[in-house]
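Descriptive structure summary
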Amino acid sequence: MRTKGFTLIELLVVIAIIGILSSVVMASLSTARNKAKDVAIKQDVAQFATLHELSRDDYGGYCELSAGWIGLNTSCATAYSGNYATKARAICADIVKNAAENNWGSPGAYKMYQSVTTGCTNDYTFMVQLNNGKWYCQGSSGAKGEYAAYTSQPGCYNTP
């Protein structure tokens, strides 16, 4: 007499198929999550640029919102001054939370670079390591984009 039910082999095959499908879905979700973080970084940098222009209107320059490298050595919580410091700190914290680790220095040491030129009146620049392996840069000239390296690119590292 034969009982109704599944054999052990059939159950193992079904479990293996479910495992493979779930790993494919998880990999897709990870990619989508990183893309969403990169979009959030770009929006935050655009907001920071707006804050710079507002600060320049109030103070005649960009000094109050200049911080250099943000990461382990400089915290968003203490980096800024002036009328827009609270908003700048919130945007900075969001950028640092979403930014990828880069391959140089201590982990977390270099999350975002944000600076102004000497005298604080002419230029500013932002650069952030994206989760796709590139740097996102935006400068006061309006130049912005994704670059494989951060040096000598429009809007990157003192070349706004």
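A brief look at the structure comes next. (Residues numbered from 1 in each chain as written. Predicted model: local features only at pLDDT ≥ 70, side-chain atom pairs only at ≥ 80, totals over all residues. Heavy atoms only, no water.)

Overview of the overall build of the protein chain
Helix and strand counts for the protein chain stand at two helices and five strands. Listing every helix and strand of the protein chain by position from the N terminus yields α-β-α-β-β-β-β. Taken over the C-alpha trace, the protein chain has a radius of gyration of 23 Å; the compact-globule value for 160 residues is 15 Å, which it surpasses by more than 25%. Oriented by its inertia axes, the alpha-carbon framework of the protein chain measures out at about 90 × 30 × 30 Å. Across the 160 residues in the protein chain, those meeting the buried criterion constitute 36%. If you take every contact in the protein chain between residues at least 6 apart in sequence, the share linking residues at least 24 apart comes to 51%. Taken as a whole, the protein chain presents about 9200 Å² of accessible surface, with 58% of it coming from carbon and sulfur. The positive charge centre, built from 13 side chains, and the negative charge centre, built from 11, are 13 Å apart in the protein chain. (Helix = DSSP H or I, 4+ residues; strand = E, 2+ residues; numbered from the N terminus. Rg over C-alpha atoms; globule rule 2.2 N^0.38 Å. Buried < 20%, exposed > 50% of the residue type's maximum accessible area, 1.4 Å probe, protein only. Contact = heavy atoms within 4.5 Å. Areas by Shrake-Rupley, 256 points an atom, 1.4 Å probe, with all protein chains shown as cover. Lys, Arg positive; Asp, Glu negative; His and termini not counted. Charge placed at Lys NZ, Arg CZ, Asp CG, Glu CD.)

Notes on the pairing of strand β5 (residues 144-147)
Residues Gly145 and Tyr147 line the buried face of β5, whereas the alternating positions Lys144 and Glu146 sit on a face that is not buried. What sits between the antiparallel neighbours strand β4 (residues 135-139) and β5 is a turn of four residues, in which Gly142 has the positive phi angle 95°. (Pairing = 2+ DSSP bridges.)

Topic: the packing of aromatic side chains
Geometrically, a pair of aromatic rings is defined through the distance of the ring centres and the angle of the planes. Counted under the stated rule, the structure contains six aromatic pairs. An angle of 65° between the planes, with centres 5.6 Å apart, marks the rings of Tyr124 and Phe126 as edge-to-face. Judged by its relative accessible area of 0%, Phe126 falls in the buried class. Ring-pair connections join several aromatic residues into one group, and the members of that group are Phe48, Tyr62, Tyr80, Tyr124 and Phe126. (Phe/Tyr/Trp six-rings, centres within 6.5 Å; stacked < 30°, edge-to-face > 60°.)

Considering the state of the cysteines
This structure, assessed with the given rule, holds three disulfides. The residue that forms a disulfide with Cys63 is Cys120, at a sulfur-sulfur distance of 1.6 Å. Negative torsions about the S-S bond denote left-handed disulfides, and the value of about 90° found for Cys63 with Cys120 makes this one right-handed. On the criterion of sequence distance, the pair formed by Cys63 in the loop between α1 (8-59) and β1 (68-70) and Cys120 in the loop between β2 (112-116) and β3 (124-129) is long-range, its members being 57 residues apart. Residue Cys63 is classed as partly exposed on the basis of its relative accessible area of 38%. (Disulfide = S-S within 2.5 Å.)

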